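Listed below are the residues making up each chain.
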Amino acid sequence: MFRALLTSRLQAAFSAAGIDLPEGFTPGVVIASDTRFGDYQSNAAMILAKQLKTNPRALAEQIKAALQVEDLCEKVTVDGPGFLNLTLSAAALAERLSVIVKDDHVGVPPVAQAKTIVVDFSAPNIAKPMHVGHIRSTFIGDSLARVARFIGHKVITDNHVGDWGTQFGMIIHGWKTQLDQEKLKADPIHELVSVYKAVNAAAKADEAVLEICKGELVKLQQGDAENLGIWKECVRLTLEQLEKVYGALDIKFDYYLGESFYNDALAPLVADMLNQGIATISDGATVVFSDGSVKPENDPFLIREKDEWKAAPCIIRKGDGGFLYATTDLATIDYRVKEWKADEIWYVVGAPQQLHFRQVFAAAQRRGVTTKMIHIAFGSILGPDGKMFKTRSGETVGLLEVIDEAIERARAAADEKEQGLSDAEKDEIARIIGGGSVKYAELSQNRLTDYKFSWDKMLSLQGNTAPYLINAYVRTRSIFRKLDGAVTLTDDLAITEPAERALAMKLAQFAENSHDILDDHRPNLLANYLYELASAYHAFFEACNVLRSEGTVRNTRLTLCEATGRVLKTGLGLLGIQTTERM
Ligand code: ARG
């Protein structure tokens, strides 16, 4: 908000001062990293002076003279080699504060141009273990979708579940020979995965079993009624259980269009790509080769081997007629573009699938797709020992296990702190803190780096954790509880103390932060912001007595508490984390 306002004023100052801007140069203002000189800063004069070969300080002074910001700033200075530093006035900050406590969107303006964005995330594979990659995808994707929606985009969330594939040959064979119906009823995902694992192991040891599985798969693909029935039941049971997990995590999908949804579109798609000359037959398979339109190092259909570039085609149909993951993704893009008029499609999928997406995007573009497609990649989660993350039982971790364990641990912590809460209240708090802690541990990390999973750290009340942030929110609420709701906030505000000012400044910057997150699809920018906000609140609370103050001072401080509560709740909500009134 302030940044956008100050930027437009700065640009106006350039033209008022009669300075012609060179092509491709837009003067900008950023939040100051060192607030000793001001709240916002611009280095535009320095950059321009270099290009124009003039004195940067003199240029900065010239801009300063033309800059009209009396309504926003109390001070504008030229510092160092030619920085323009801007200090907001207390009145401008107070005005923002009034907006934050009244506005549904806590003062965050909508994007100038709303787009239709499809967010493809979570997408586990039926009857295969859900792994940590799916956990990361689920939390990052959900958060990005929430942020995009919040700032005014039209968002469609689609869970592209892996509900079709070679694993079903094994599942169907296992279903017919060794499935435990009781266990299936109790925990379908777990039972299907263990049947899959057992048959997979048997097929590895015994060629005959492998052949039977292949036979079951072919029958399924040819539409055999019994096998189709089993497949349908597997999908139904899994989705039912998944929806419960998503429900507990407060995650919703607009669609569950799994891979199987596109089955009928695959053959025509391949035929079309052959017709258009985008694909060719090579060794019996249908593949997409490089068209030489980009430099080899940027070409997803080439790979460097020793000193030579070799073809690395994308296969869309195997020699035996089978279709592949890439084929389904191409059909999925068609659907999303045609049916949903997607302007952008975001794929929140682990870094190992980078080549897959580069090839699929390039192939789709050759088919004339202009929709912006973005692979939002992420690294792995490591155990506290720095190795692959495992559960207590020593298995690779699934989403279900992690969430259950987090809630269990949060419940134990709630029990330790006896404070007159009922069992039902404690259960609800444990659900919010447990789920929130796991989400926050994920979302506070730079998505591209691997991070260590540590129960103790993520559930701690101290540090950059969900419990710390939720606790800050609870503190804002407890003040109003002490006042028994007998408080009416007014616009009579006066920000005077440094701790009040620092908190008001942080609150105002939520408007900028919530937009910046999507520049590079990084929820950790929001997490870091909320942590800084909670710390600023803490500092304010230490320095400024709220309940014993009076008049305008009291009104200002209560307004700061209310605004902090609102921004924390909204911001945590954008991370998919709920808040509780007590804990
Ligand atoms: N099911 C895939 C996996 O587990 C992820 C799907 C991601 N989305 C997509 N459109 N390919 O690896």
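Residues numbered from 1 in each chain as written. Predicted model: local features only at pLDDT ≥ 70, side-chain atom pairs only at ≥ 80, totals over all residues.

Draft legend 1. Representation of the pairing of strand 3 (residues 73-79). Relative to strand 4 (residues 83-88), strand 3 runs antiparallel, the two sharing six bridges. Looking at strand 4, one finds that Val76 is bridged to Leu86. Hairpin connection between strand 3 and strand 4: a loop of three residues separates the two successive antiparallel strands, and Gly80 in this loop has a positive phi of roughly 55°. (Pairing = 2+ DSSP bridges. Helix = DSSP H or I, 4+ residues; strand = E, 2+ residues; numbered from the N terminus.)

Draft legend 2. Summary view of the sheet that holds strand 13 (residues 372-376). Read across the open sheet, the four strands follow the order 6-5-12-13; overall the sheet is parallel. Only two strands of the sheet have a single partner each, and these edge strands are strand 6 (154-158) and strand 13. The average undirected angle you get between the axes of adjacent strands in this sheet is 20°. Of the strand pairs in this sheet, strand 5 (residues 116-120) and strand 6 are connected by five bridges, and their pairing is parallel. Along strand 6, the bridge assignment pairs Val119 with Thr157. Of the strands in this sheet, strand 5, strand 6 and strand 12 (344-348) are in contact with helix 12 (residues 325-340), which crosses strand 5 at around 150°. (Axes fitted to C-alpha atoms, helices over the stretch in contact; angles between N-to-C directions. Contact = placed C-beta atoms within 7 Å.)

Draft legend 3. Layout of the sheet that holds strand 3. The antiparallel open sheet is built from four strands, whose spatial order is 1-2-4-3. Pairing within the sheet leaves two strands with one partner each, and these edge strands are strand 1 (30-31) and strand 3. Packed onto the sheet, helix 3 (residues 56-66) meets strand 3 and strand 4 and runs at close to 160° relative to strand 3.

Draft legend 4. Spatial organisation of helix 13 (residues 354-366). The end-to-end C-alpha separation of helix 13 is 19 Å, in line with the 18 Å expected for 13 residues at 1.5 Å each. Within helix 13, burial applies to Gln359, Val360, Phe361, Ala362, Ala363 and Ala364. In this fold, the buried residues of helix 13 make contact with strand 8 (285-288), strand 11 (314-317), helix 12 and strand 13. Looking one or two residues beyond helix 13, the residue adopting positive phi is Gly368, at roughly 95°. (Expected span 1.5 Å × (residues − 1). Buried ≥ 20, exposed ≤ 12 C-beta atoms within 10 Å, placed from the backbone.)

Draft legend 5. Region of interest: the domain arrangement of the chain. For the chain, the assigned domains are domain 1 (2-88), domain 2 (116-162 + 259-376), domain 3 (167-246) and domain 4 (399-574). Between domain 1 and domain 2, the C-alpha centre-to-centre distance is 44 Å. (Domains from an automatic or database assignment.)

Draft legend 6. The arrangement of unusual backbone geometry in detail. You will see that Val106, though not glycine, has its phi angle at about 40°, which is positive. Among the structural elements, Val106 can be located in the loop between helix 4 (90-102) and strand 5. Residue Val106 is classed as buried on the basis of its 21 C-beta neighbours within 10 Å. Not every positive phi belongs to a glycine, and Ala123 is a case in point at roughly 40°. Position of Ala123 relative to the elements: it lies in the loop between strand 5 and helix 5 (132-150). Judged by the 24 C-beta atoms lying within 10 Å of it, Ala123 is buried.

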